[in-house]
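Residue-level listing of the chains:
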Amino acid sequence: MTEERSRTVLVVDDDGAFREIATRILQGAGYATTEAASGEEAVELARRQPPDVVVLDVRLHGPLSGHEVCRIIKREVQPEPAVLFVSGARTESFDRVGGLLVGGDDYVVKPFAADELLARVRALIRRSTPTKPASQLSTRELEVLRLVKEGLSQAEIAQKLEVSPTTARRQIEDVFAKLGV
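Cut-offs and rules
- Residues numbered from 1 in each chain as written.
- Predicted model: local features only at pLDDT ≥ 70, side-chain atom pairs only at ≥ 80, totals over all residues.
- Heavy atoms only, no water.
- Helix = DSSP H or I, 4+ residues; strand = E, 2+ residues; numbered from the N terminus.
- Buried < 20%, exposed > 50% of the residue type's maximum accessible area, 1.4 Å probe, protein only.
- Contact = heavy atoms within 4.5 Å.
- Expected span 1.5 Å × (residues − 1).
- Pairing = 2+ DSSP bridges.
- Axes fitted to C-alpha atoms, helices over the stretch in contact; angles between N-to-C directions.
- pLDDT = per-residue confidence, 0-100.
- Core = buried A, V, L, I, M, F, W, Y, C linked by side-chain atoms within 4.5 Å.
- Salt bridge = Lys/Arg side-chain N within 4 Å of Asp/Glu carboxyl O.

A. Geometry of the side chain of Asp57. You can see Asp57 is positioned in strand β3 (residues 53-57). Given the relative accessible area of 5%, Asp57 is considered buried. Apart from residues no more than four positions distant in its own chain, Asp57 is found in contact with Val12, Asp13, Asp14, Gly66, Val86, Ser87 and Lys110.

Shown next as structure tokens:
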């Protein structure tokens, strides 16, 4: 099973044709998809089954705009999904900045190429996925992590591990990098 097949993308747009195209592109890449035609439907779907990524139109008809949907999802849905705003009307730089300031993780202007949508969704998933779970760390790396958790200083960790402070620092940095911290 590919990484994409284990990931879910919620496509939110009041334009049925856009939802159909975006869904077809994402499913073709192996993503599981759900669709919502309104902000209210998007919030309800995200609460029931949190997606990994929400592809969200900025201008939705109805009481909830895309910005409002983003704020609600970011506040109420756990684990917090990444939000990729899309818009064909709000294309100025201040529109894109506004989308990012309300909690969006990325912004793409319609029309866009299929490969651009997929690249942005993949990047959002990659950024939200730990590079190596703690359960896959080596025995030595787990020991370093345990000592850090105990609150020991770099010098104390070096002494416990019987290595130089420089080596201890490097090992601590390596563990943090593997965990994406």
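On we go from here.
B. Helix α5 (residues 114-128), seen in detail. The end-to-end C-alpha distance of α5, which contains 15 residues, comes to 22 Å, matching closely the 21 Å that a straight helix rising 1.5 Å per residue would cover. Buried residues of α5: Leu117, Leu118, Val121, Ala123, Leu124 and Ile125, and no others. Lining the buried residues of α5 we find β1 (8-12), α1 (16-28), β3, β4 (82-87) and β5 (106-109).

C. Spotlight on the sheet that holds β1. The parallel open sheet is built from 5 strands, whose spatial order is β2-β1-β3-β4-β5. Of all strands in the sheet, those with a lone pairing partner are β2 (32-36) and β5, marking the two edges. The mean inter-strand angle of the sheet, taken between neighbouring strand axes irrespective of direction, is 20°. As defined by bridge partners, β1 adjoins β2 across 5 bridges and the pair is classed as parallel. Residue pairing in the sheet places Leu10 in a bridge with Thr34 of β2. Helix-sheet contacts for α5 involve β1, β3, β4 and β5, and the interaxial angle to β4 is about 155°.

D. View of the confidence of the model for the protein chain. On average, residues of the protein chain score 88 in pLDDT, and 91% of them are at 70 or above. Note on residues 1-5: pLDDT is under 50 here. Beyond four places in sequence and across chains, it has 9 contacts.

E. Fine view of the nonpolar core. Counting residues in each nonpolar core, the largest one holds 21 residues, and the members touching the most others are Leu10, Val12, Val54, Leu56, Val69 and Phe85. For this core, the secondary structure elements donating two or more residues are β1, α2 (39-48), β3, α3 (66-76) and β4. In contact with Val69, other than residues within four places in its own chain, are Gly39, Ala42, Val43, Leu56, Leu60 and Leu64. Residues Val11, Ala22, Val53 and Ile125 belong to the second largest nonpolar core, which totals 20 residues.

F. Up close: the pattern of salt bridges. Overall, the coordinates contain 15 salt bridges when judged by the stated rule. The residue Glu76 makes a salt bridge to Arg47 at a minimum N-O spacing of 2.4 Å. Taken together, the positions of Glu76 in helix α3 and Arg47 in helix α2 put the pair 29 residues apart, joining distant regions of the chain. By relative accessible area, which is 44% here, Arg47 ends up partly exposed. Here Asp106 and Arg120 are joined by a salt bridge, their closest N and O atoms 2.8 Å apart. Of this pair, Asp106 sits in strand β5 while Arg120 is found in helix α5, placing the two residues 14 residues apart along the sequence. What you see here is one network of salt bridges that share partners, running through Asp13, Asp57 and Lys110.

G. Looking closely at unusual backbone geometry. Going from Gln78 to Pro79, the amide bond is cis rather than trans, its omega being -5°. By secondary structure assignment, the location of Pro79 is in the loop between α3 and β4. Cis geometry marks the peptide bond from Lys110 to Pro111, where omega comes out at -10°. Of note, Pro111 is situated in the loop between β5 and α5. The phi torsion at Glu162 lies on the positive side, around 60°, for a residue other than glycine. As for its position among the elements, Glu162 is in the loop between α7 (154-161) and α8 (165-179). On the accessibility criterion, Glu162 (73% relative accessible area) is exposed.

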